[in-house]
Amino acid sequence: MMSRIEPNIKNYERERIILQCIKDNADLHHNALLKIIVPQYMAKTTFEKSRNSLVEKDIIFVKKKEI
């Protein structure tokens, strides 16, 4: 018997939504993206987990800006 790990399609879909929103709104900061994504697509904690997953995979990076 061979075991195989199946990818979780929901996780990939959530990450795709975040990436698409970043692509469409490249000039927005984290909180503005949160306001767009959270009420429409997913819960806040789900957004944060998906965002952290993208950061860990080096797909996106976080850059702190000083005002």
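Refer to the structure presented above.
Numbers given to residues run from 1 along each chain, matching the order in which its sequence is written. Where totals are concerned, whole chains, interfaces and linings use all residues; where local detail is concerned, this predicted model gives features only for residues with pLDDT of at least 70, and gives and counts side-chain atom pairs only at 80 or more. Side-chain measures were taken over the full set of non-hydrogen atoms in the model, leaving aside hydrogen atoms and water.

Strands here are runs of E lasting at least two residues and helices are runs of H or I lasting at least four, both read from the DSSP assignment and numbered beginning at the N terminus. Looking only at helices and strands, the protein features 3 helices and 0 strands. From first element to last, N terminus to C terminus, the protein shows the α and β order α-α-α. The buried share among the 67 residues of the protein stands at 21%. Restricting to contacts in the protein with at least 6 residues of sequence separation, those with at least 24 account for 50%. Summing over all exposed atoms, the protein offers an accessible surface of approximately 6,100 Å²; the carbon and sulfur share of this is 54%. Between buried and exposed lies partly exposed: a residue is buried under 20% and exposed over 50% of the maximum accessible area for its type, with that area taken using a 1.4 Å probe on protein chains only. Two residues form a contact once any of their heavy atoms are found within 4.5 Å. Computed by Shrake-Rupley with a 1.4 Å probe, the accessible areas treat only the displayed protein chains as cover when residues are assessed.

Let us now look at helix 3 (residues 44-56). A helix is expected to span 1.5 Å for every residue after the first. A rise of 1.5 Å per residue sets the reference length of helix 3, with its 13 residues, at 18 Å; its end C-alpha atoms lie 18 Å apart and thus fit the reference within 8%. Turning to helix 3, its buried residues number three or more, namely F47, S50, S53 and L54. Taken down its axis, helix 3 places every buried residue within 125 degrees of arc, on the same side. Those residues of helix 3 that are exposed and angled more than 90 degrees off the buried face are K49 and E56. The inward-facing, buried residues of helix 3 abut helix 1 (9-24) and helix 2 (30-40). Each C-beta atom gives one direction from the helix axis, and the arc is the one those directions make.

Read these as layout, nothing more, since geometry by itself doesn't imply function.
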